[in-house]
Amino acid sequence: MSTVSVAELKSAIAAALQQVRDGQAAITSASQNIEAAQGSLTAVTAGSGHDSVATAQAALAQAAAELEQSLAATFAAAEQAETYASTL
């Protein structure tokens, strides 16, 4: 069984937290792109009563909501990892 020093463990946690921050940035970017897509689709399909338009808008709204939930989950995970690291 291998042992890891506290310094190595803290360093590994810090590296994981950086990956989380990178992921958060990607989620934020994706959210902004989805929002822009929703606006564009709304603009170009204004007045359309086609079911496909409504379905597309609903799918984009769902994607936006799920990205928001994902971002919240990453913040919760990071907080717990930071709490653990502070106890070391």
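See the structure printed just above.
Keep in mind it's a predicted model, so treat the numbers as computed, not measured.

### Some details on the overall build of the protein chain
Phase 1: Counting its regular elements, the protein chain contains two helices and zero strands.
Phase 2: Computed over its C-alpha atoms, the radius of gyration of the protein chain comes to 20 Å, more than 25% above the 12 Å expected for a compact globule of 88 residues.
Phase 3: Oriented by its inertia axes, the alpha-carbon framework of the protein chain measures out at about 65 × 20 × 15 Å.
Phase 4: For the protein chain, with 88 residues in total, the buried portion stands at 16%.
Phase 5: Considering only intrachain contacts with a sequence separation of at least 6, the fraction spanning at least 24 residues in the protein chain is 74%.
Phase 6: When the accessible area of the protein chain is evaluated, it comes to approximately 6,100 Å², of which 60% is carbon and sulfur surface.

### Considerations on helix α1 (residues 6–44)
Phase 1: When the terminal C-alpha atoms of α1 are compared, their 57 Å separation across 39 residues agrees well with the 57 Å that a helix rising 1.5 Å per residue should span.
Phase 2: Every buried residue of α1 is listed here: Ile-13, Leu-17, Gln-24, Ile-27 and Ile-34.
Phase 3: Buried-residue contacts for α1 involve α2 (51–87).

### So, the nonpolar core
Phase 1: Counting five residues, the largest nonpolar core consists of Ile-27, Ile-34, Leu-60, Leu-67 and Leu-71.
Phase 2: Among the secondary structure elements, those contributing two or more residues to this core are α1 and α2.
Phase 3: In terms of residue count, the dominant contributor to this core is α2 (three residues).
Phase 4: If sequence neighbours within four positions are ignored, Ile-34 has contacts with Leu-60, Ala-64 and Leu-67.

### Here's the deal with α2
Phase 1: Spanning 37 residues, α2 covers 54 Å between terminal C-alpha atoms, matching the ideal 54 Å at 1.5 Å per step.
Phase 2: Within α2, the full set of buried residues consists of Val-53, Gln-57, Leu-60, Leu-67, Leu-71, Thr-74, Ala-78 and Ala-85.
Phase 3: The elements touched by buried residues of α2 are α1.

### Re the packing of α1 against α2
Phase 1: At a minimum axis distance of 9 Å, the contact between α1 and α2 shows a crossing angle of 165°. Classified by the angle their axes make, α1 and α2 are roughly antiparallel. Classified by chirality, the crossing of α2 by α1 is left-handed.
Phase 2: Each residue belonging to the contact of α1 with α2 can be placed in one class, and the counts come to 20 nonpolar, eight polar and two charged.

### Some details on the environment of Leu-9
Phase 1: Here Leu-9 shows up in helix α1.
Phase 2: Sequence spacing of Leu-9 and Ala-85 is 76 residues, and the spatial spacing of their C-alpha atoms is 8.2 Å.
Phase 3: The residues contacting Leu-9, other than those within four sequence positions of it, are Val-4, Tyr-84 and Leu-88.

Calculation notes
- Residues numbered from 1 in each chain as written.
- Predicted model: local features only at pLDDT ≥ 70, side-chain atom pairs only at ≥ 80, totals over all residues.
- Heavy atoms only, no water.
- Helix = DSSP H or I, 4+ residues; strand = E, 2+ residues; numbered from the N terminus.
- Rg over C-alpha atoms; globule rule 2.2 N^0.38 Å.
- Buried < 20%, exposed > 50% of the residue type's maximum accessible area, 1.4 Å probe, protein only.
- Contact = heavy atoms within 4.5 Å.
- Areas by Shrake-Rupley, 256 points an atom, 1.4 Å probe, with all protein chains shown as cover.
- Expected span 1.5 Å × (residues − 1).
- Core = buried A, V, L, I, M, F, W, Y, C linked by side-chain atoms within 4.5 Å.
- Axes fitted to C-alpha atoms, helices over the stretch in contact; angles between N-to-C directions.
- Parallel < 35°, antiparallel > 145°, perpendicular 65-115°, else oblique.
- Left-handed = near helix turned anticlockwise from the far one by under 90°.
- Nonpolar A, V, L, I, M, F, W, Y, C, P; charged D, E, K, R; others polar.

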